[in-house]
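# Geometric and topological summary
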Amino acid sequence: MRKFALISLTLIMLTAAASATTFHGDVQRTGNFTASGEIIPHLAWKTQLTGLVGASPVYYNGHIYVTNWFGWGDWQPGLYSLNATTGSVEWRNATISGASSVAVFGNLLVVGDITGMLYYVDAASGDIVKAVKLESSPLWWGIASSPLVYNGSVYVTTFSNGTLWKIDSDGNVVWRYTTGGEIDPYTSPSAFKGLVFFAGNESGNALLVAVNESGVEQWKFPVDGKITNSPSTDGQRVYVATETKLYAVNLDGTEAWSVAFSGTMSTAAVAYGNVYIGSDGKLYCFNASDGTKKWETAVNGKIDSSPAVAGGVVYFATNTPEGTLYAVDALSGEVLWYYRLSPPSGSYYNIMSSPFIAENKLFIGADSGYVYCFETSGSFEFNVTLIPGKFEVLVNGNSYEVNRTTALGALYESENHTVNGAKVWFEVSLDDSWYSQYGFFIKTIMGLGTDQIDGNWIYWSVWNETGQISVGADRYNLNQKETVYYCYGDGSSLNSCLILLKINADVKPAGISSLELSNGNRGGNITAWVNVTSASTDWYVVVVSGVGEQGEAIAGISTFRLNAGEELRVPVLIHIPQLADQGTYSLYAGVYRFSEYPANLIHLYGPASCEVS
């Protein structure tokens with residue numbers, strides 16, 4: 001097998017150029033992918049590799065190839081092959097690990113390693129065909145650069161001396177171009193029309209360098225600091241960021257434009273005449289021609305992930321302890337949905353990995369040690385608790401009040417719920433064209449609205465267990481325990497839904513919407529203000545209780561009467577014993593029917609904090 005792989009290596013590399021796949025999608029590193037529909041936060045599968053999955057998964061021919069490296073607990077290092085449909089592990093090569101993304105070419109994988117080796121690996125078996133030592137000072141990263149397969153050769157950079165290497169199909173070094181200084185470990189080369197672009201450093205002066213396939217320098221473009229990401233090109237300009245600027249460089253090496261910018265590892269995606277790139281806490285969209293900022297979208301932390309664009313949507317993730325995958329509208333920057341990881345105490349689920357989109361699926365790694373796969377269709381199930389009262393929605397500049405215990409109230413309550421151990425939020429927009437007659441109709445959820453697919457119209461419809469609801473979602477009041485469905489399909493049945501939201505609603509006869517606390521002193525009191533709303537006329541009891549940092553318990557109680565639909569701000573006086581512990585107390589509020597107190601708690605709210613001194 002090894003002998004055959006070595007003999008076949010040259011033929012494979014020369015004949016399979018059209019099928020090359022690599023970090024950020026292509027040799028130009030455009031991040032421009034294809035999908036027939038929007039990817040949604042529906043988890044098709046997740047597979048645990050252990051450690052940290054900082055590399056970006058790469059898809060090829062039904063397989064996902066990805067490395068992992070140092071991480072939590074029992075780390076099982078390796079280059080992995082996963083079944084792209086099921087996520088099952090097909091093989092693992094335990095010799096190879098790191099943050100380099102593979103370049104796939106025919107039946108071979110090319111990938112860097114933390115020891116400074118560049119490996120050629122048989123894609124079917126995981127066997128190493130060739131190993132080449134390139135990085136003489138691997139430190140923490142080794143070769144974290146993602147190799148580029150271009151016109152039958154491999155190009156990769158080493159960070160310690162700012163070198164671009166060209167290696168032939170048999171793993172022999174053809175030439176190297178050394179700039180001499182240290183460059184960012186993660187930056188990777190890109191190529192277009194016989195030019196290879198890469199980051200360099202000459203005597204402390206950072207550069208974007210272009211060489212031809214013979215290794216002859218074509219131009220050097222000085223930048224104001226270390227290049228933090230990989231150059232990408234749309235065939236007209238090369239885009240690259242430093243810690244202080246984003247540059248667009250013409251293919252002749254002259255500056256097209258530059259803007260002040262705080263660059264990260266996030267490599268720019270280029271699509272629709274725009275440049276999409278992440279920074280410290282924001283995703284930006286610039287006009288590719290002149291650098292005009294079109295929009296910026298704030299997120300929950302630093303973006304090291306390189307955006308992937310498909311079907312008018314930009315996908316990326318944040319490098320924060322609660323690593324979050326986002327989908328935003330490519331034209332407006334509006335957040336359509338996010339999927340936020342929830343690490344256990346003491347762990348950090350940052351996401352440095354970049355999305356890879358193929359076969360209408362999105363693949364991404366995380367510091368949870370998992371590779372995640374999301375798809376374009378599927379069903380969600382949410383369990384929500386609804387309390388009486390109203391909330392406001394803004395539609396076409398008009399403000400409306402909506403009952404919380406309606407089908408629409410259940411949808412909004414589902415917007416930020418935990419699914420499969422992650423917090424899922426999605427966009428909802430409404431149509432008030434027929435409000436006076438029918439109420440609201442659903443315009444979009446997750447950015448998906450009325451559309452035509454294969455000649456059939458699909459749209460959002462609302463159902464209960466007996467059939468489709470004929471009024472607007474805000475006009476349908478739910479029973480005490482009722483399930484409501486939001487179906488994205490042709491409206492014929494729940495079985496025909498491309499996307500189904502199943503919401504199991506527990507409608508409470510009374511509920512608490514807020515809890516405010518004053519501070520207090522030993523021997524004195526804390527005043528709690530509890531907002532309570534009732535769906536039926538009755539006598540109620542509110543109890544506010546909790547403990548301090550040392551376990552000291554305090555409590556207060558109030559009794560009151562509410563009419564149906566009434567909201568009342570109930571005061572509760574909480575006595576503080578003279579010898580109570582000082583410090584912070586965490587308190588909860590619970591409401592009961594007077595006739596059922598203390599056996600049946602209707603609703604619990606909290607906690608809220610106060611200080612005892």
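What counts as what
Residues numbered from 1 in each chain as written. Predicted model: local features only at pLDDT ≥ 70, side-chain atom pairs only at ≥ 80, totals over all residues. Heavy atoms only, no water. Pairing = 2+ DSSP bridges. Helix = DSSP H or I, 4+ residues; strand = E, 2+ residues; numbered from the N terminus. Axes fitted to C-alpha atoms, helices over the stretch in contact; angles between N-to-C directions. Salt bridge = Lys/Arg side-chain N within 4 Å of Asp/Glu carboxyl O. Buried < 20%, exposed > 50% of the residue type's maximum accessible area, 1.4 Å probe, protein only. Contact = heavy atoms within 4.5 Å.

## Observations regarding the sheet that holds strand β5 (residues 89–93)
The strand order across the open sheet built from four strands is β2-β3-β4-β5, with neighbouring strands paired in antiparallel fashion. In the strand order of this sheet, the two ends are held by β2 (58–60) and β5, each with one partner. The average angle at which neighbouring strand axes cross in this sheet is 20 degrees, direction not considered. Taken together, the three bridges between β2 and strand β3 (residues 63–67) define a ladder with antiparallel strand orientation. Paired with Y60 across the two strands is H63, which belongs to β3.

## Notes on the pattern of salt bridges
Think of it this way: side chains of opposite charge can pair up when their charged atoms draw near. Within the structure shown, the criterion is met by 14 salt bridges. When the shortest N-O distance is used, the salt bridge between E217 and K220 registers 3.8 Å. Exposure remark for E217: the relative accessible area of 35% places this residue in the partly exposed category. K293 serves as the salt-bridge partner of E296, at 2.4 Å between the closest nitrogen and oxygen. Judged by its relative accessible area of 30%, E296 is partly exposed. Classification of K293 as partly exposed rests on a relative accessible area of 43%.

## Topic: the environment of V313
Relative to the helices and strands, V313 resides in strand β27 (residues 313–317). We classify V313 as buried; its relative accessible area is 4%. Taking the C-alpha atoms as reference, V313 lies 4.8 Å from D329; in sequence the two are 16 residues apart. For V313, the residues in contact, after removing those within four places along its chain, are E38, A308, A327, V328, A330 and L336.

Everything listed here is a matter of geometry and, on its own, says nothing about what the molecule does.
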